[in-house]
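Each chain is listed here by its residues.
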Amino acid sequence: MQDIVNLKVSDLESLDLNFTPLVPFNSQDRYIQYRPEGEKWSSILFRDIHNHHEFRVKEFFLDWFCPGYPKSLMSSFADTYSNLFVRSLNNTVYFYGKNYRGRDSVTFYTSGTTVEIESENPCTPEDILEYSYSLIPATVNRHSLSHKDFYQRSFHSRNRDGGWFEDRRISRLSWQGLSDRITLEQNMFIGSGVGILKEPSNQHFICVYEDSIKNRALWIEYLRDGSSLEHGSYLLRGGRYLYTDYNLDENDSKWAFRRGTGPYTFQLKMLGGTVTIMISPGVTLCETPLESIGKIMQPHMENALTLLK
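Calculation rules
- Residues numbered from 1 in each chain as written.
- Predicted model: local features only at pLDDT ≥ 70, side-chain atom pairs only at ≥ 80, totals over all residues.
- Heavy atoms only, no water.
- Helix = DSSP H or I, 4+ residues; strand = E, 2+ residues; numbered from the N terminus.
- Buried < 20%, exposed > 50% of the residue type's maximum accessible area, 1.4 Å probe, protein only.
- Disulfide = S-S within 2.5 Å.
- Contact = heavy atoms within 4.5 Å.
- Core = buried A, V, L, I, M, F, W, Y, C linked by side-chain atoms within 4.5 Å.
- Pairing = 2+ DSSP bridges.
- Axes fitted to C-alpha atoms, helices over the stretch in contact; angles between N-to-C directions.

### With respect to the environment of Glu287
Moving on, step 1. Structurally, the position occupied by Glu287 is in the loop between β19 (273-279) and α4 (293-306).
Moving on, step 2. Glu287 sits in the exposed class, given a relative accessible area of 64%.
Moving on, step 3. Taking the C-alpha atoms as reference, Glu287 lies 43 Å from Glu54; in sequence the two are 233 residues apart.

### A word on the state of the cysteines
Moving on, step 1. For the structure shown, the criterion picks out zero disulfides.
Moving on, step 2. No disulfide involves Cys66; its sulfur sits 13 Å from that of Cys207, the nearest cysteine.
Moving on, step 3. By relative accessible area, Cys66 is classed as buried at 0%.

### Brief notes about helix α1 (residues 125-134)
Moving on, step 1. Of the positions making up α1, those classed as buried are Pro125, Asp127, Ile128, Leu129, Tyr131 and Ser132.
Moving on, step 2. Lining the buried residues of α1 we find β4 (43-50), β5 (53-60), β6 (85-89), β7 (92-98), β8 (104-110) and β9 (113-119).

### Overview of unusual backbone geometry
Moving on, step 1. Cis geometry marks the peptide bond from Gly262 to Pro263, where omega comes out at 10°.
Moving on, step 2. Note that Pro263 resides in the loop between β17 (253-257) and β18 (264-270).
Moving on, step 3. Phi at Asn26 is positive, roughly 60°, even though this residue is not glycine.
Moving on, step 4. Here Asn26 lies in the loop between β2 (22-23) and β3 (31-35).

### Describing the nonpolar core
Moving on, step 1. Within the largest apolar cluster, 56 residues are counted, with the highest numbers of intra-cluster contacts made by Leu12, Phe65, Phe108, Ile117 and Trp219.
Moving on, step 2. When residues in this core are grouped by element, the largest group, four residues, is from β7.
Moving on, step 3. Judged by nonpolar contacts, the second largest core, of 30 residues, contains Phe205, Phe266, Leu290 and Leu308.

### Regarding the sheet that holds strand β1 (residues 5-8)
Moving on, step 1. The antiparallel open sheet is built from eight strands, whose spatial order is β1-β3-β4-β5-β9-β8-β7-β6. Each edge of the sheet is formed by a strand with only one pairing partner; in this case those strands are β1 and β6. Within the sheet, the average angular offset between the axes of one strand and its neighbour, ignoring direction, is 25°.
Moving on, step 2. Bridging between β8 and β9 involves six bridges; their strand directions are antiparallel. Bridging across to β9, Thr107 finds its partner in Glu116.
Moving on, step 3. The strands touched by α1 within the sheet are β4, β5, β6, β7, β8 and β9, with β8 carrying the most contacts at an inclination of about 30°.

So, in structure tokens, the structure goes:
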């Protein structure tokens with residue numbers, strides 16, 4: 001059982017955190033709860049009052065899914081628990097809806113940190129979003145894990161298995177650095193880690209790319225045809241609330257995305273397997289035909305496939 005530590009916001013700078021906490025303005029003397037890494041990943045938790053609402057704020061680095069997707073609001077790969085209210089401000093996309101506990105909640109991703117804010121009582125989007133906008137980055141150790149690549153920050157990539165299939169999908173891979181770059185319109189994504197399953201038959205890998213400030217990510221998975229690997233690939237299908245636009249009729253090229261803000265999800269049959277591509281919210285593909293995504297990714301996938309040999 002991991003111990004929960006009560007500490008001041010000002011103490012965060014001395015910790016080797018793998019994420020950058022966001023805190024209320026002028027809160028250096030505020031006490032928060034800190035869970036050090038152990039059986040589970042590290043996180044911070046605090047409560048705050050805003051416009052007569054009590055908010056529970058939890059922050060951590062979530063590593064088993066493409067960054068930025070509203071995981072706490074998602075009931076599956078294609079569904080959320082409720083309709084979403086989505087806003088973009090200062091290079092961050094905020095998602096409001098019901099979370100897995102049925103509470104009004106906002107989640108967002110910025111500077112490598114997943115933030116989940118839920119209200120203890122019914123709350124309008126305006127009130128909880130207004131509070132979300134007010135959080136600012138805390139000062140962190142400039143040598144901490146939060147500045148490193150995905151595979152170095154990730155709890156599960158360091159072979160920490162968990163109780164969920166998403167945990168095992170990451171922890172069973174062997175992770176290493178990834179020297180590669182992908183440009184999508186005005187977005188530059190830099191290789192931030194590749195996880196490879198070489199046994200029993202070189203059948204699965206995940207490549208992660210991030211922008212320079214860790215606000216956006218590109219997540220690419222490959223599963224070889226004929227593989228019987230458990231949870232080796234997600235099933236892209238029609239769903240409720242998360243995506244607004246679909247193309248699911250083609251067997252070899254499917255996609256789903258949320259108009260205006262993202263995220264984008266593609267699933268392609270190529271290179272003898274199934275390739276799933278996820279692009280963080282906040283990336284807009286105005287000029288790139290969606291049908292061209294596979295061609296853009298193919299040489300990068302071919303390079304990654306050589307690592308399986």
